[in-house]
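For reference, the chains in residue letters:
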Amino acid sequence: MKPHLTSDLKVRFLGTIPSFKEKSGILNPQQIVSLSAILTFRGQSIKKILQKLRSKKGVFNKKIRSILQESSLRGHASMTTTPALCLTFEGSKFLDSALTGIVFSSSMMASGRRTETSDKDIIYPDRVFKKESLRNLYSKISKSNIKTFNYFLSQGVNKDSASKILQYGICGTGIIQLPLESVAALKREHEIEKEWTPKEVNILLRKIEKYFRKEGLDLLYATRKAAPAVFYPYPNIFKDPTKPNLVRELVNIRRNLNSPRLISFESSITPELKKRLEHFHKTLQATIAFPERIRKNWLEILKLRQEIVRDYNLSLKFKFLSSLAWRVWGDKKRHRTCPMIVDSVYYSIERATRKFKKFRNQIRRGKINTKLIKEIDQVFSIPPSIMHNPKFLSRYLLSALASFDAYQKLIEKKIKPREAIFLIPRALKIDILQEYNLYNLIAGYYPLRLCTTVEEELRRNTLEEVAILRRVFGAKKLKWLNKFLYPKCNLLGFCPERESCAQVKILFKNYNQEFHRKMKEELDKKFKNNLKELGK
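Predicted model only: the values in this text are computed from it and were never measured.

## Observations regarding the sheet that holds strand S11 (residues 340-342)
- The antiparallel open sheet is built from four strands, whose spatial order is S9-S10-S12-S11. In this open sheet, the two strands that pair with only one neighbour each are strand S9 (261-267) and S11. Averaged over all pairs of adjacent strands, the angle between their axes in this sheet comes to 15°, without regard to strand direction.
- Where strand S10 (residues 316-325) and strand S12 (residues 429-437) come together, nine bridges link them in antiparallel fashion. Residue pairing in the sheet places Ala 325 in a bridge with Lys 429 of S12.
- Helix H24 (residues 456-475) rests against S9, S10 and S12 of the sheet, and its axis sits at about 145° to S10.

Structure follows, in structure tokens:
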């Protein structure tokens, strides 16, 4: 079988919006956006504006260009957040790390928690593959990591834990929707961090730009790139490790980050908000007292919560600093309602490399003690199921050590860090600063990430953050907020997952599989009724 290379990236474009079909042809996205810009000044429909422009021979295309140069070139964001493209790709999992944190994007990626991994999934950086000695080294380490991963699975280690020894230099697929504004932001970020960004991002951008030229988005894209306006930032780990950032400065002040730290807490909670939350909780309690009430009233409870977060979302704002596995950051970055700053992954690699070098001989001799485990776990996540089994731990650390040693050898052979990084396991810890609001406390992030279906390290971290919040609430006379720090099932009255667990019984002691099945039927009934009533 032919090996996969980074240059083999396959991209299929699924379309752009908006487009409009009319008698003389199809209007492309930049034409529609331009006509819309006239609409904002004249208050006329696009159809009327189009008729006037079409009536003047040779005027239409000149007018479109003129509008784009006038509006988009000044950095008017609405011109470039309106058009969007959708694409699907087959490449490495690095595109997940590079793209899915973009704030205005939306994506669905093949999950490492569900897919299988074998030697045929290895992706080789082109420059590594060209030289036989480097190709052999890369292949050896990659296959060893995959073998260790599959060994752990065969021994009953859960996939969340086992997969942390895998690298991201393996095959991945996904579908992503990107507004033109986000593509331009990605391009700008790539220009700033070109030496640190995986090659696939550059390949993808070239393909997108060619597609823009073909589909009529070239003028709009070119003017936005040239506009004197800063793009909204998104969390990017592929950046120069020598440059400081807020996360690193905060970590340096606090030294070792063994557990999450609350960095700031701002409350503007009013008596009326407390009253509404208490009413919500009483309504929930009255509903869960009887199963039939849950079936009939769960949506009304959901609407009550929706109103509260709509009207009071900014009443609460707090930030947590944490150091988590690269794999876990992959989940956290997808919560785009939680602003985030993240440190450079290359800084994390340098830090972990020094630590593994310190303990190299001990790891090779199997002389693993508490001090070694504690220091390694600060820079490289060791799952509990592996940490507490000496045989598993030894194999895990040996595989990790081999990966970091191989990374250094590739660097010594003039392979760029953006290519050598394809060997680094997902357990590498990255420092993260993330901000949350009322929505994320009672409806978004925390109810979701307290669920037992969540990735094991992310859930452990969430539980630690909740414990800190409970102490802070107590100290600030907000202890009544503790009743909202529960998984999503406890704030709904039932479990929405395929299989329920004991968590739902914290709230509803008589919850059983029969009721769980009935609620599934209720949701299916609701869906079918919604479908039937569409447009009526």
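## Concerning helix H20 (residues 390-412)
- An ideal rise of 1.5 Å per residue puts 33 Å on 23 residues; H20 measures up with 33 Å between its terminal C-alpha atoms.
- A distance of 3.1 Å separates the backbone nitrogen of Lys 391 from a side-chain oxygen at the start of H20, and that oxygen is part of Asn 389.
- Of the residues flanking the end of H20, it is Lys 414, one or two places downstream, whose phi is positive at about 70°.

## Looking at unusual backbone geometry
- Following Ile 17, the chain continues into Pro 18 via a peptide bond in cis, with omega recorded as -5°.
- By secondary structure assignment, the location of Pro 18 is in the loop between strand S2 (10-17) and strand S3 (20-22).
- Even without glycine at this site, Lys 414 takes up a positive phi of about 70°.
- Its place among the elements puts Lys 414 in the loop between H20 and helix H21 (417-420).
- Given the relative accessible area of 66%, Lys 414 is considered exposed.
- Its identity as a non-glycine residue notwithstanding, Lys 477 has a phi of 60°, on the positive side.
- Of note, Lys 477 is situated in the loop between H24 and helix H25 (513-533).
- Classification of Lys 477 as exposed rests on a relative accessible area of 76%.

## Here we look at the packing of aromatic side chains
- Applying the stated criterion across every chain yields a total of 31 aromatic pairs.
- Note on Trp 196 and Tyr 346: the rings are 5.0 Å apart at their centroids and 55° apart in plane angle, and the pair reads as tilted. On the criterion of sequence distance, the pair formed by Trp 196 in the loop between helix H9 (180-192) and helix H10 (199-215) and Tyr 346 in helix H16 (residues 345-358) is long-range, its members being 150 residues apart.
- Following the ring pairs from residue to residue traces out a cluster consisting of Tyr 151, Phe 152, Phe 356, Phe 380, Phe 392, Tyr 396 and Phe 404.
- Here the guanidinium or amino end of Arg 135 rests over the ring plane of Phe 129, the centre of that ring lying 4.9 Å away.
- We note Arg 470 situated over the ring of Tyr 486; from NZ or CZ to the ring centre the distance is 5.3 Å.

So, how was this worked out
Residues numbered from 1 in each chain as written. Predicted model: local features only at pLDDT ≥ 70, side-chain atom pairs only at ≥ 80, totals over all residues. Heavy atoms only, no water. Pairing = 2+ DSSP bridges. Helix = DSSP H or I, 4+ residues; strand = E, 2+ residues; numbered from the N terminus. Axes fitted to C-alpha atoms, helices over the stretch in contact; angles between N-to-C directions. Contact = heavy atoms within 4.5 Å. Expected span 1.5 Å × (residues − 1). Polar contact = N/O pair within 3.5 Å; in protein donor to acceptor, adjacent residues only side chain to side chain. Buried < 20%, exposed > 50% of the residue type's maximum accessible area, 1.4 Å probe, protein only. Phe/Tyr/Trp six-rings, centres within 6.5 Å; stacked < 30°, edge-to-face > 60°. Lys NZ or Arg CZ within 6 Å of the ring centre and 35° of its normal.

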